[in-house]
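Results of the structural survey
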Amino acid sequence: MVDESRLLLIVEDDASFAATLRRSFERRGYSVVSAASPEQMADVLKAHRPGYAVVDLKLGTSSGLTCVETLHEFDPEMNIVVLTGFASIATAGEGIKLGARHSLPKPASPPH
């Protein structure tokens with residue numbers, strides 16, 4: 001059973017990095033669900049209502065910005081962080097405009 005009160009969605013196509021993020025957040029008391037693509041994210045959202053999301057900017061051939069937009073429409077109060085290995089001011093700004101609260105360069109880890 002997933003604790004919906006501290007539910008975090010990780011949208012990341014790098015399975016190893018997603019597993020590392022999952023462990024870090026679970027140690028901090030979050031329940032974690034994950035998706036590797038916008039399509040998988042849509043399926044997760046049919047079953048869960050996360051209050052938090054960490055979204056990779058580049059998901060294979062898809063853009064994480066699409067996920068940010070969808071998540072913000074799903075819940076305008078959701079705390080969304082965009083992670084990118086290709087940090088740029090323009091991209092970070094676009095993520096914020098679409099509903100993300102923060103943009104961080106990869107690799108990133110949750111605060112202690």
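Just above, that's the structure.
Residues numbered from 1 in each chain as written. Predicted model: local features only at pLDDT ≥ 70, side-chain atom pairs only at ≥ 80, totals over all residues. Heavy atoms only, no water.

With respect to the overall build of the chain
Looking only at helices and strands, the chain has four helices and seven strands in total. Mapped from its N terminus to its C terminus, the chain presents α and β elements in the order β-α-β-α-β-β-β-α-β-α-β. Among the 112 residues that make up the chain, the fraction classed as buried is 41%. Partitioning the intrachain contacts of the chain with sequence separation of at least 6 by distance along the chain shows that 65% fall at a separation of at least 24. For the chain, the accessible area works out to roughly 6200 Å², and carbon and sulfur atoms hold 56% of it. (Helix = DSSP H or I, 4+ residues; strand = E, 2+ residues; numbered from the N terminus. Buried < 20%, exposed > 50% of the residue type's maximum accessible area, 1.4 Å probe, protein only. Contact = heavy atoms within 4.5 Å. Areas by Shrake-Rupley, 256 points an atom, 1.4 Å probe, with all protein chains shown as cover.)

Considerations on the pairing of strand E3 (residues 52–56)
Counting buried residues along E3, four of its five residues qualify, which places the element largely inside the surrounding structure. Summarising the sheet, strand E1 (residues 7–11) and E3 pair through four bridges and their orientation is parallel. In the strand pairing of E3, Leu8 is matched with Tyr52. Pairing analysis gives five bridges linking E3 to strand E6 (residues 79–84), with the strands arranged parallel. The residue of E6 that forms the bridge with Ala53 is Ile80. (Pairing = 2+ DSSP bridges.)

Such coordinate-based values are descriptive only and should not be taken to indicate function.
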